[in-house]
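Observations on the model geometry
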Amino acid sequence: MKALAARRHDRRAPALLLLLALLLVGAVYAVVAPSSAQAATKTATADDIAAGEKLFQANCSTCHGPSAAGTDSAPSLIGVGAAAVDFQVGTGRMPMQMSGPQAQAKPVQFTDEQIAQLAAYVASLGAGPSIPTSEMVDPALGDSASGMALFRTNCAMCHNAIGAGGALSQGKFAPNLWGTTPTHLYEAMLTGPQSMPVFNDANLTPEEKRDIIAFIDEQGNGSPGGLDLGSLGPVSEGLWAWVVGLGLLLGLSVWIGAKSS
Amino acid sequence: MSTPHDSHQELSVSGGQAQPPARFENPGLHEHKPRQADVDPRVTKRVERQVLLLLTLSILGTIAVVWAYFALPPGDTVGSMRLSNLVLGVGLAVCLLGIGIGGNYYIKLLMSNREYVEERHEIRSSDETREIAVQMLKDGGEDSGLTRRGAIIGAGVTALALFPLSLLVPLIGNVGEDWNVRKFKHTIWKKGTRLATDPTGRPIKASDVTIGDVWHVIPESLEDLHEGKLDEKAKAVVLLVRLDPRDLKSDQSPEGETWSHDGIVAYSKICTHVGCPVALYEQQTHHLLCPCHQSTFDVADSCKVVFGPAKRPLPQLPITVDDEGYLVAQGDFAEPIGPSFWERATK
């Protein structure tokens, strides 16, 4: 202790102390900080809401109105909840790049922190579904067999039997689900973005939603039968059979019949 | 002045030339051109090697298939199934294409391609031969003794004529099997049957259905069935949607009744075109699409057809709530669900 006390005037002491302090803060943060999803729902402070409002005014109010009550060109956001914001902004669908049949996913425009602030602001406007915790969307905790039965009944008609996506009317489409994060899948079921209907917690319970996420997660392992041609069914398979398959057969027949030189 | 005259002449001349000659000259065979492999021994050697290579590849392909069958079983993982299928498929392709392409290559490039002419003889035989043939048939008939035994001929012809019935009767008899068309006209929905979620079978409370929701519904009584469950489910499935009552233009109930409950409407999921499950619901337009032939129904306006080959709106299930707040049917559908069938109109 004496040796330590004797060295406290060493000119390297402040730097060492600073390093120790930083390490301590980091360690405490790692232990205490909740997962990011919880952070978004639980730690929405007045500052976040204020920052979110600023972001909203700058980026969203043109269409959704200065008080988020909606305009002729965009719906009201009062009561849509943090989950809807996290899905729409977190997948890049909002802010919308251009008008069209539906808002398309594109590179995300905001940082996670900004998305959390926007979500906090919109959630403060009216009660709505909040962002699920990471445990609620963990595919490893879901039952993919039960998920398959639920997916077949509720989702497969639009999103295809294994979630490869499909066409709707007039240029709209149900997107492929394989690249969507579990949190965004959960939020989409909960909030029903755009053409998609809502599946509230009475319709599909949180456990059933997690089962569906587990089923979609299973589809990422590839197809056992070789080339899946996009898993789109008769369209891509027919194109392959008629154009490539028949073309090869015709080419071979011409070759067999041609005179050689 | 002279130009039209000239052209008229040309026309008449070419018209005259268009007459075919009475007889064509036989153009004979094309002049035989030797191939490279016929004249250049180096090319011959090269083609021989190529054919040998293709046939050897085929042999290796067969060996690969047999080896893969034992060494690479499909196993339990997607990866091992892919590998097994890949090696079997590529091996089979190499084995068959090697024989096919190698054989064709040999025939096209190495085998003699000189044309030979074989004159055709007259199709009609000489009168003498024809007479002998007819006489042989007559003698044979006489020899068999059948010409004198009419009863046996009659029985034989009848046996042959009747034989196809042994195949046709069971075949046609099995078509349809069940001719009770009344089954098409009714489902297991009854007054007071609770609406339950498909496939989990939880009864649905009206207060749980929010605007923009879509619920896939089965009758709760389906659970109690012991046989024919799938048949009954196929007829009874329903799609439940809650609309803002301001968006709901009408439902199919007769005047003075209401078949919806506070904006909640339930329609049969079986398309009136050919019976596919109609379930692609677009929340914003309230349109319901059939995945098979793109028939589109407007849920906000009694499920009338707005596009596609379907001719009738989807039948509506009359619903209300019971004392505990659960959604229940007021009764069966008022009309048969699904596509048209014979005797659909007769009650």
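All of these numbers come straight from a predicted model, not from anything done at the bench. (Residues numbered from 1 in each chain as written. Chains lettered and ligands numbered in written order. Predicted model: local features only at pLDDT ≥ 70, side-chain atom pairs only at ≥ 80, totals over all residues.)

1. Regarding the overall build of chain A
Assigned secondary structure in chain A consists of 12 helices and two strands. Beginning at the N terminus, the succession of helices and strands in chain A can be written as α-α-α-α-α-α-α-α-α-β-β-α-α-α. Computed over C-alpha atoms, the radius of gyration of chain A comes to 26 Å, more than 25% over the 18 Å expected from 2.2 N^0.38 for 261 residues, which places it beyond the range of a compact globule. If you line up chain A on its principal axes, its C-alpha atoms span 100 × 55 × 40 Å. By residue count, 32% of the 261 residues in chain A fall in the buried class. (Helix = DSSP H or I, 4+ residues; strand = E, 2+ residues; numbered from the N terminus. Rg over C-alpha atoms; globule rule 2.2 N^0.38 Å. Buried ≥ 20, exposed ≤ 12 C-beta atoms within 10 Å, placed from the backbone.)

2. What about the domain arrangement of chain B?
Parsing chain B into structural domains produces domain 1 (34-113) and domain 2 (183-329). Spacing between the C-alpha centres of domain 1 of chain B and domain 2 of chain B amounts to 58 Å. (Domains from an automatic or database assignment.)

3. Considerations on the interface of chain B and chain A
Facing the 32 residues of chain B at the interface are 24 residues of chain A. Those elements that provide at least two residues to the side of chain B that touches chain A are α4 (78-109), β2 (214-219), β5 (280-282) and β6 (287-289) of chain B. With nine residues, the single largest contributor to the side of chain B that touches chain A is α4 of chain B. Of the residues belonging to the side of chain B that touches chain A, the class tally is 13 nonpolar, 12 polar and seven charged. (Contact = placed C-beta atoms within 7 Å. Nonpolar A, V, L, I, M, F, W, Y, C, P; charged D, E, K, R; others polar.)

4. Points about helix α7 (residues 112-125) of chain A
Look at α7 of chain A: 20 Å from first C-alpha to last across 14 residues, which is about the 20 Å you get at 1.5 Å a residue. Along α7 of chain A, the residues classified as buried are Ile-115, Ala-116, Gln-117, Leu-118, Ala-119, Ala-120, Tyr-121, Val-122 and Ala-123 of chain A. (Expected span 1.5 Å × (residues − 1).)

5. Brief notes about the UniProt feature "binding site: heme c 1" (unreviewed entry) in chain A
Residues and elements named next belong to chain A. Feature annotation in UniProt assigns "binding site: heme c 1" (unreviewed entry) to the following positions: Cys-60, Cys-63 and His-64. Tracing the sequence through the fold places Cys-60 in the loop between α4 (46-59) and α5 (61-64). Along the polypeptide, Cys-63 turns up in helix α5. Not counting chain neighbours up to four residues away, the residues in contact with Cys-63 comprise Thr-71, Ser-73 and Ala-74. (UniProt positions renumbered as here; feature names shortened; annotations may be inferred.)

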